[in-house]
Amino acid sequence: MTNDHADQWTNPLRDRLDKRLPRIAGPSGLVIFGVTGDLARKKLLPAVYDLANRGLLPAGFSLIGYGRRDWSKEEFEGQVAAAVKERARTPWREAVWKRLAEGIFFVTGDFTTDSAFDELAAKTREIDEERGTAGNWAYYLSVPPDHFPQVCHQLERSGMADTSDGGWRRVVIEKPFGHDEESARELNKIVNDVFPESSVFRIDHYLGKETVQNILAMRFANQLFDPLFNSHYVDHVQITMAEDIGLGGRAGYYDGIGAARDVIQNHLLQLLALIAMEEPVTFHPAELQVEKIKVLRATRPVGPFAQTTARGQYTSGWQGSEEVKGLRQEDGFDPESTTETYAAATFEINSRRWAGVPFYLRTGKRLGRRVTEIALVFKQAPHLPFGPGQINSLSNNMLVIRVQPDEGVLVRFGSKVPGSTMEVRDVNMDFSYSEAFTEESPEAYERLILDALLDEASLFPTNEEVELSWKILDPILEYWAESGRPEDYPAGTWGPQGADEMMRRNGREWRRP
Ligand code: BG6
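Quick caveat: nothing in here was measured; it's all calculated off a predicted structure.

Reading the values: the criteria
- Residues numbered from 1 in each chain as written.
- Predicted model: local features only at pLDDT ≥ 70, side-chain atom pairs only at ≥ 80, totals over all residues.
- Heavy atoms only, no water.
- Core = buried A, V, L, I, M, F, W, Y, C linked by side-chain atoms within 4.5 Å.
- Buried < 20%, exposed > 50% of the residue type's maximum accessible area, 1.4 Å probe, protein only.
- Helix = DSSP H or I, 4+ residues; strand = E, 2+ residues; numbered from the N terminus.
- Axes fitted to C-alpha atoms, helices over the stretch in contact; angles between N-to-C directions.
- Parallel < 35°, antiparallel > 145°, perpendicular 65-115°, else oblique.
- Left-handed = near helix turned anticlockwise from the far one by under 90°.
- Contact = heavy atoms within 4.5 Å.
- Nonpolar A, V, L, I, M, F, W, Y, C, P; charged D, E, K, R; others polar.
- Near = heavy atom within 4 Å.
- Polar contact = N/O pair within 3.5 Å; in protein donor to acceptor, adjacent residues only side chain to side chain.
- Areas by Shrake-Rupley, 256 points an atom, 1.4 Å probe, with all protein chains shown as cover.
- Phe/Tyr/Trp six-rings, centres within 6.5 Å; stacked < 30°, edge-to-face > 60°.
- UniProt positions renumbered as here; feature names shortened; annotations may be inferred.
- 1 Å grid on protein atoms, 1.4 Å probe; cavity = no way out; pocket = protein on both sides within 12 Å on 5 of 7 lines; lining within 4 Å.
- Points joined across faces, edges and corners; volume = space filled by probe spheres on them.
- Arc of directions from axis to C-beta.
- Pairing = 2+ DSSP bridges.

In this section: the nonpolar core. Nonpolar side chains in soluble globular proteins tend to end up buried together. In terms of nonpolar packing, the biggest core is built from 148 residues, with Phe 33, Phe 347 and Phe 359 touching the most fellow members. The element that contributes the greatest number of residues to this core is helix H10 (residues 258-276), accounting for 12 residues. Ranked by size, the runner-up nonpolar core spans 5 residues in total, among them Val 377, Met 398, Val 400 and Leu 410.

Moving on to the packing of helix H11 (residues 285-298) against helix H15 (residues 463-481). Close contact between H11 and H15 brings their axes to 10 Å; oriented N to C, the two are set at 15°. In terms of their interaxial angle, H11 and H15 are classed as roughly parallel. Handedness of the crossing formed by H11 with H15: left-handed. Residues Gln 289, Lys 292, Ile 293, Leu 296 and Arg 297 of H11 touch H15, and the partners they reach there are Glu 464, Glu 465, Leu 468, Ser 469 and Ile 472. In terms of residue class, the contact of H11 with H15 is made up of 4 nonpolar, 2 polar and 4 charged.

Another aspect to go through is the site of the ligand. Near the ligand you find 14 residues, and of these Tyr 206, Lys 209, Glu 243, Asp 262 and Lys 365 are the closest. At 2.8 Å, a side-chain N or O of Lys 175 approaches an oxygen atom of the ligand. Between the ligand and the protein, one listed contact pairs an oxygen atom with a side-chain N or O atom of Arg 250 at 2.7 Å. The protein chains hide 83% of the 400 Å² of surface that the ligand would expose on its own. In terms of residue count, the dominant contributor to the shell around the ligand is H10 (3 residues). The residue makeup of the shell around the ligand, split by class, is 4 nonpolar, 3 polar and 7 charged.

Moving on, we get to the packing of aromatic side chains. Across all of its chains, the model carries 21 aromatic pairs by this definition. Each ring, one from Tyr 49 and one from Trp 92, has its centre 5.7 Å from the other, and the planes form 15°; the classification is stacked. With Tyr 49 in helix H2 (residues 38-53) and Trp 92 in the loop between helix H3 (73-87) and helix H4 (94-102), this residue pair connects regions lying 43 residues apart in the sequence. Relative accessible area serves as the criterion here: at 29%, Trp 92 is assigned to the partly exposed category. Cluster of aromatic residues (ring-pair linked, three or more members): Phe 33, Tyr 66, Phe 111 and Phe 117.

Time to look at the UniProt feature "binding site: substrate" (unreviewed entry) in the chain. Annotation from UniProt places "binding site: substrate" (unreviewed entry) at His 205, Lys 209, Glu 243, Asp 262 and Lys 365. Here His 205 is to be found in the loop between strand E6 (200-202) and helix H8 (210-221). Given the relative accessible area of 22%, His 205 is considered partly exposed. Discounting chain neighbours no more than four positions away, the residues touching His 205 are His 267, Ala 444, Tyr 445 and Leu 448.

So, on to the environment of Leu 57. With respect to the helices and strands, the residue Leu 57 is situated in the loop between H2 and strand E2 (62-67). Owing to a relative accessible area of 12%, Leu 57 belongs among the buried residues under this scheme. In this structure the C-alpha to C-alpha distance between Leu 57 and Asp 110, which are 53 residues apart in sequence, comes to 28 Å. Among residues more than four places away in sequence, those in contact with Leu 57 are Ile 24, Val 48, Leu 51, Ala 52 and Leu 453.

The next subject is the UniProt feature "active site" (unreviewed entry) in the chain. The feature "active site" (unreviewed entry), as given by UniProt, occupies His 267 in the numbering adopted here. Note on placement: His 267 falls in helix H10. Filtering out sequence-adjacent residues up to four positions away, His 267 remains in contact with Lys 175, Asp 204, His 205, Tyr 206 and Met 241.

Under the criterion given, the structure shown has 2 cavities of 30 Å³ or more. Quantified by volume, the largest cavity comes out at close to 140 Å³. Along the walls of the largest cavity sit 14 residues, with Ile 203, Gln 265, Asn 266, Pro 461 and Val 466 positioned nearest its centre. Among the secondary structure elements, those contributing two or more residues to the lining of the largest cavity are H10 and H15. By residue class, the composition of the lining of the largest cavity is 5 nonpolar, 4 polar and 5 charged.

Attention now goes to helix H6 (residues 148-157). Along H6, the residues that are buried comprise Phe 148, Val 151, Cys 152, Gln 154 and Leu 155. Projected onto a plane normal to the axis of H6, the buried residues spread over an arc of 165° and lie on a single side. Contacts from the buried residues of H6 go to strand E1 (29-33), helix H5 (114-131), strand E4 (137-141), strand E5 (169-173) and helix H7 (181-194).

Attention now goes to the environment of Gln 154. Locating Gln 154 in the fold gives a position in helix H6. Looking at Gln 154, the relative accessible area reads 2%, which means it is buried. Measuring from C-alpha to C-alpha, the distance between Gln 154 and Asp 118 comes to 8.8 Å, with 36 residues separating the pair along the chain. Not counting the four nearest positions on each side in its chain, Gln 154 is found in contact with Phe 111, Thr 112, Thr 113, Asp 114 and Phe 117. Here the side chain of Gln 154 touches Arg 157 through a polar contact of 3.0 Å, side chain to side chain.

An order of E3-E2-E1-E4-E5-E6 is seen for the 6 strands of this open sheet, with the pairing classed as parallel. Looking at which strands have only one partner, the edges of the open sheet turn out to be strand E3 (104-108) and E6. Each strand axis lies, on average, 20° off the axis of its neighbour in the sheet, ignoring direction. Here 3 bridges tie E5 to E6, and the two strands are oriented parallel to one another. Following the sheet pairing, Val 171 is matched in E6 by Val 200. H7 rests against E5 and E6 of the sheet, and its axis sits at about 145° to E6.

As structure tokens, this is what we get:
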């Protein structure tokens, strides 16, 4: 199903880029469920302040926190201020804060108590009258998926999903969206029974990253790259999301979920879709979604999984100069836990463009360093007119899109070594965002919260994309569920041996980022 958000023939993304007009949200408010959680403190609240600081929120913008704590308005304001001071990207400005704080409120309640939701509904109506939010509310569900049905039910019951007053109501939903295809379908049904798909904004924060959006700019604004993006030239593609952090403190969310559900199902398959999709007719949400859906429909996991996938769990080791615990010693993890912290798998895309090109996706915690990148590894030139010894130091050409950190693009190719003999060696041509541009990139959550308020859905996966991504991953998850323990890998290394073997079997190796 696609979204119908704006006029089919206008292109908000492109128009704004051309004219460089700031995008300011119209009258609106935001309710955050799960406001006492980590994500709200580290990302959502600072992003709201950053948007205010950049002048992108409307005059009467209001923020309501909803949670079980018995907080007054002032206490919640204090919590928001602390989160902002600790994490905001832009500097603290007293005047901006004062204006924002006037619109900050807190309502105490859980997800089952009708009266608390009635109080919340009354609060939104009161704010509509006093601060001019005009019935325009985004409800941000930063809560585990088993609470989505209750919250949606309560929003409907209390009249907060009702738009007969002429305002808009949107729901913004954090991942994980289910734990397999079936549960995602059920959740989508529950959400879509209350909110039409055009009012549902599912967050995949990777799509809010500038470098991820640059994949589209790079491919479709240039003649240089995209003509090579196909099976004639590309040998294989590696998509890597490596993290150096461990899971201390996140057991509640992560145990039983694991690396593949946590990031391959969403972030990495979205990166695959953006790299592999055809050119969209425009950047209108519906046009983008159509192309992504086509690729995801054509994507399959490659088996046999014993040979084409790998999974691991970090054990104690050294992360640089710091000695760190293994997963099973982390607080809150069952010492018997079989949750994987490393996952690698092979996918294929059954299309004329990509037939025969494996896409290797890998992710892990406590790896050598933090890096997310997409590497297109090219085939060797069909003929190399060089003598013995002249190309010993030449490897396959490579195009690497570095999503983070050191955001940029790197091209690896062969070049003559200066001197009187013809010897060719790998060299790198490196584009770096921070050197090319003076503007600082906004945080992904700034972009996504603003887009939800503006009804710009380009960067939000639809229900169909989410379900297709689970469908692609489910066979691997089922296989792993029957295959005992993941392999161990020491913290600070590049993952389990099985991951290297999986590549070696095909005569390939992982790039060491
Ligand atoms: C989240 C995952 O979606 O992305 C986390 O749940 C992960 O496990 C995080 O650490 C990484 O995000 P980023 O933006 O730091 O790469």
